[in-house]
Amino acid sequence: MEVALVTVGDELLAGDTENTNASWLGRQLTAAGASVTRVLTVPDNEAVIAEAVARYHDGFDAVIVTGGIGGTPDDVTKAGVARAFGRVLVVPDDVRAHLEAKAERFAEDNPEMVDRYDMDLDLDAWAAVPEGGQPLLTDESFAAGCVIDGVYVFPGIPEELKAMYETVADEFDGDRTTETIHTPAPEGALVGRVTEAREQFDVAVGSYPRKDDAPGRVKVTGDDPAAVADAAAWLRERIETADGG
């Protein structure tokens with residue numbers, strides 16, 4: 001299963017916010033056996049989002065879009081996704097009712113905040129999803145995410161993203177297997193062995209340099225668990241490992 005990630009936000013492009021969502025999703029999807037082969041960050045621009053989603057939808061098994069699904073004027077992600085499919089945004093009655101009840105509970109639990117600030121919640125914007133999409137709701141997120149034809153739309157706030165991802169995590173799976181070998185050897189000393197392993201076992205082998213006090217890594221990845229295990233064993237016999245091998 002090949003997955004593309006599209007992270008949305010002017011603040012990501014400006015460097016004001018670290019793109020931790022892409023890293024977290026990459027780890028979750030890889031652990032599930034899926035392959036993340038594209039990561040793209042785009043601005044809060046409906047047309048740009050629509051173009052990216054349409055292009056990746058045609059080329060990947062699934063697309064995950066994060067960020068920009070709230071109720072403020074710069075939250076245009078769901079409109080962009082709807083545009084990618086030639087759909088309109090709709091407000092399901094049950095989703096709006098759910099969010100209205102949630103807003104009422106919030107007001108009851110936070111009377112001082114409600115009294116102090118003029119809370120202007122556009123419930124229709126929070127509840128809207130592309131026509132034909134399946135709404136995704138969690139306790140952690142006020143805005144509704146959605147799934148439409150293999151495109152998953154999640155919030156950008158990390159805690160909300162993680163909670164919503166868990167509601168559909170079982171839909172991301174694959175046959176990719178990975179083994180990691182830790183080594184104190186510099187990358188330049190690994191080139192020959194990495195190349196041989198790739199050619200001999202038909203697996204992907206990547207080397208990643210040492211960082212601070214952490215050892216370097218050689219990562220073996222493939223669709224055949226036996227081939228991955230054989231390649232990793234072959235490499236452990238031929239390169240210095242962090243445990244002294």
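Look above for the structure.
The structure reproduced in this document is the subject of the present report.

Definitions and cut-offs
- Residues numbered from 1 in each chain as written.
- Predicted model: local features only at pLDDT ≥ 70, side-chain atom pairs only at ≥ 80, totals over all residues.
- Heavy atoms only, no water.
- Salt bridge = Lys/Arg side-chain N within 4 Å of Asp/Glu carboxyl O.
- Helix = DSSP H or I, 4+ residues; strand = E, 2+ residues; numbered from the N terminus.
- Buried < 20%, exposed > 50% of the residue type's maximum accessible area, 1.4 Å probe, protein only.
- Pairing = 2+ DSSP bridges.
- Axes fitted to C-alpha atoms, helices over the stretch in contact; angles between N-to-C directions.
- Contact = heavy atoms within 4.5 Å.

**Considerations on the pattern of salt bridges**
In step 1: According to the stated counting rule, one finds seven salt bridges in the structure shown.
In step 2: Ionic pairing is found between R236 and E179, a salt bridge with its closest N-O pair at 3.3 Å. With R236 in helix α10 (residues 225–236) and E179 in strand β9 (residues 177–183), this residue pair connects regions lying 57 residues apart in the sequence.
In step 3: When the shortest N-O distance is used, the salt bridge between E196 and R193 registers 3.2 Å. Highlighted residues: E196 and R193, both in helix α9 (residues 191–201), separated by three residues, approximately one helical turn.
In step 4: Through salt bridges that share partners, R96, E100 and D124 make up one connected network.

**Focus: helix α4 (residues 77–84)**
In step 1: Residues of α4 that are buried include every one of T77, K78, G80, V81 and A82, and no others.
In step 2: Once α4 ends, the next one or two residues include G86, with phi positive near 70°.

**Some details on the sheet that holds strand β1 (residues 2–8)**
In step 1: Spatially, β2-β1-β3-β8-β7-β6 is the arrangement adopted by the six strands of the open sheet, whose pairing is mixed. Edge positions in the sheet fall to β2 (35–42) and β6 (134–136), since each has one partner strand and no second. For this sheet the average axis-to-axis angle between neighbouring strands, irrespective of direction, equals 20°.
In step 2: Where β6 lies against strand β7 (residues 145–148), three bridges are found, and the strand directions are antiparallel. Within β7, the position partnered with L136 by the bridge is G145.
In step 3: Together, β1, β2 and β3 (62–66) form the strand contacts of helix α2 (residues 20–32), whose direction differs from that of β1 by roughly 165°.

Read these as geometric descriptors, not functional statements.
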